[in-house]
Amino acid sequence: MTKESDISAADFMPAQRSMKALKTAAASCRGCDLYRAATQTVFGEGLKRSRLMLVGEMPGDKEDLAGRPFVGPAGQLLDEALKEAGIDRTNTYITNVVKHFKWEPRGRRRLHKTPNRREIGACLPWLEAEIALVKPEVFVCLGATAAKALLGPDFRVSDQHGRFVTSDWADFTLATAHPSAVLRMRDHESRERARRQLTADLATVAKVL
Ligand code: URA
Ligand code: SF4
């Protein structure tokens with residue numbers, strides 16, 4: 001008998017590994033419990049053979065409703081930072097480590113909850129399949145969840161952001177702040193500093209594209 005905890009996205013992989021087949025299969029994934037409270041699966045999107053792949057944590061409130069990654073406030077900030085760094089979003093592939101929105105009610109709002117290790121592990125087969133198809137040369141982790149899941153649990157974005165590191169995922173790999181973390185900064189000055197840092201890290205990425 002299969003234990004509930006043994007189930008993962010791997011059990012929902014389609015035989016055919018085209019992007020379309022993956023996206024369709026992911027739409028009915030029940031590899032962990034997160035599908036229960038979410039509206040829909042938010043799969044990655046963008047250029048199928050992009051040289052650059054950007055990976056966030058998990059869809060937020062707006063992404064959950066729209067069914068597309070990085071379309072809410074964090075996505076807007078990311079778009080601006082990419083543009084300032086000289087990167088065209090339409091030439092990238094953007095996705096998340098976890099494909100369903102995890103949240104808890106706070107009044108009438110749905111508050112983001114960080115996915116746990118089990119949920120991250122369960123969802124990883126989707127990202128691995130996306131990487132196998134896109135074959136990016138440059139790989140960017142946005143924030144600590146992606147960086148720890150993909151570059152190792154000891155990775156510290158605050159210390160190691162903006163520098164290329166070796167990884168299994170691409171020739172050039174770099175981690176930077178999550179745009180949501182930038183938005184969460186309390187005062188205007190820290191927010192501006194973090195935003196400039198994110199843009200500078202993405203400008204480092206632009207140099208190898
Ligand atoms: N934050 C993420 O990590 N991903 C999204 O798609 C949106 C917000
Ligand atoms: Fe499947 Fe990932 Fe959604 Fe869990 S979060 S149900 S593993 S797509």
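Coordinates for the structure precede this section.
Trainee: A description of helix 5 (residues 144-151) should follow, citing residues and the corresponding values.
Mentor: Two residues of an α-helix separated by three or four positions point the same way, owing to the 3.6 residues in each turn. The set of residues buried in helix 5 consists of Thr145, Ala146, Ala147 and Leu150. In the core, the buried residues of helix 5 are packed alongside strand 2 (52-56), helix 4 (117-134), strand 6 (138-142), helix 6 (157-160) and strand 8 (172-176).

Trainee: Tell me about the packing of helix 3 (residues 73-85) against helix 8 (residues 188-207), and name the residues and values.
Mentor: The interhelical angle for the contact between helix 3 and helix 8, taken along N-to-C directions, is 50°, at an axis separation of 8 Å. As far as their axial angle goes, helix 8 and helix 3 are oblique. Viewed along their axes, helix 3 and helix 8 form a crossing whose handedness is right-handed. Side by side, helix 3 and helix 8 meet where Leu77, Leu78, Ala81, Leu82, Glu84 and Ala85 of the first sit next to Arg195, Leu198, Thr199, Leu202, Ala203 and Ala206 of the second. Taken together, the residues of the contact of helix 3 with helix 8 sort by class into nine nonpolar, one polar and two charged.

Trainee: Before we move on, can you summarise the site of ligand 1 with the specific residues and values?
Mentor: Every residue lining ligand 1 is accounted for by Gly56, Glu57, Met58, Pro59, Gly60, Glu63, Pro69, Phe70, Asn96 and His178. The contact in question runs from an oxygen atom of ligand 1 to an N or O atom on the backbone of Phe70, over 2.9 Å. Within the side chain of Asn96, an N or O atom sits 2.7 Å from a nitrogen atom of ligand 1. Calculation on ligand 1 without its partners gives an accessible area of 240 Å², and the protein chains cover 95% of this total. Here the residues of the shell around ligand 1 are counted per class, giving four nonpolar, four polar and two charged.

Trainee: Which residues make up the side chain of Asn96, and what values go with them?
Mentor: Tracing the backbone shows Asn96 in strand 3 (residues 92-96). Side-chain polar atoms of Asn96 contact the backbone nitrogen of Met58, separated by 3.4 Å. For Asn96, the contacting residues outside a window of four places in its chain are Val55, Gly56, Glu57, Met58, Pro59, Pro69, Phe70 and Leu127.

Trainee: Residue-level account of the packing of helix 1 (residues 19-27) against helix 4, with values.
Mentor: In the contact formed by helix 1 and helix 4, the axes pass within 11 Å of each other and the chain directions differ by 170°. In terms of orientation, helix 1 and helix 4 fall into the roughly antiparallel class. Contacts from Met19, Leu22, Ala25 and Ala26 of helix 1 reach helix 4 at Trp126, Ala129, Glu130, Leu133 and Val134.

Trainee: An account of the pairing of strand 8 is needed here, citing residue identities and associated values.
Mentor: A large share of strand 8 lies buried, amounting to four of its five residues. Bridge count between strand 7 (residues 164-165) and strand 8: two bridges; the pairing is antiparallel. The residue bridging Phe164 from the neighbouring strand is Leu174, located in strand 8. Remark: six residues form the turn of the hairpin made by strand 7 and strand 8, two consecutive strands paired antiparallel.

Trainee: Can you lay out helix 4 for me, pointing to particular residues and giving the numbers?
Mentor: Counted at 1.5 Å a residue, the expected span for helix 4 with its 18 residues is 26 Å, and the 25 Å between its end C-alpha atoms agrees. Its side-chain oxygen at 3.1 Å from the backbone nitrogen of Arg118, Asn116 defines the N-terminal cap of helix 4. Phi turns positive, to about 50°, at Lys135, one or two residues after helix 4.

Criteria and cut-off values
- Residues numbered from 1 in each chain as written.
- Chains lettered and ligands numbered in written order.
- Predicted model: local features only at pLDDT ≥ 70, side-chain atom pairs only at ≥ 80, totals over all residues.
- Heavy atoms only, no water.
- Buried < 20%, exposed > 50% of the residue type's maximum accessible area, 1.4 Å probe, protein only.
- Helix = DSSP H or I, 4+ residues; strand = E, 2+ residues; numbered from the N terminus.
- Contact = heavy atoms within 4.5 Å.
- Axes fitted to C-alpha atoms, helices over the stretch in contact; angles between N-to-C directions.
- Parallel < 35°, antiparallel > 145°, perpendicular 65-115°, else oblique.
- Left-handed = near helix turned anticlockwise from the far one by under 90°.
- Nonpolar A, V, L, I, M, F, W, Y, C, P; charged D, E, K, R; others polar.
- Near = heavy atom within 4 Å.
- Polar contact = N/O pair within 3.5 Å; in protein donor to acceptor, adjacent residues only side chain to side chain.
- Areas by Shrake-Rupley, 256 points an atom, 1.4 Å probe, with all protein chains shown as cover.
- Pairing = 2+ DSSP bridges.
- Expected span 1.5 Å × (residues − 1).

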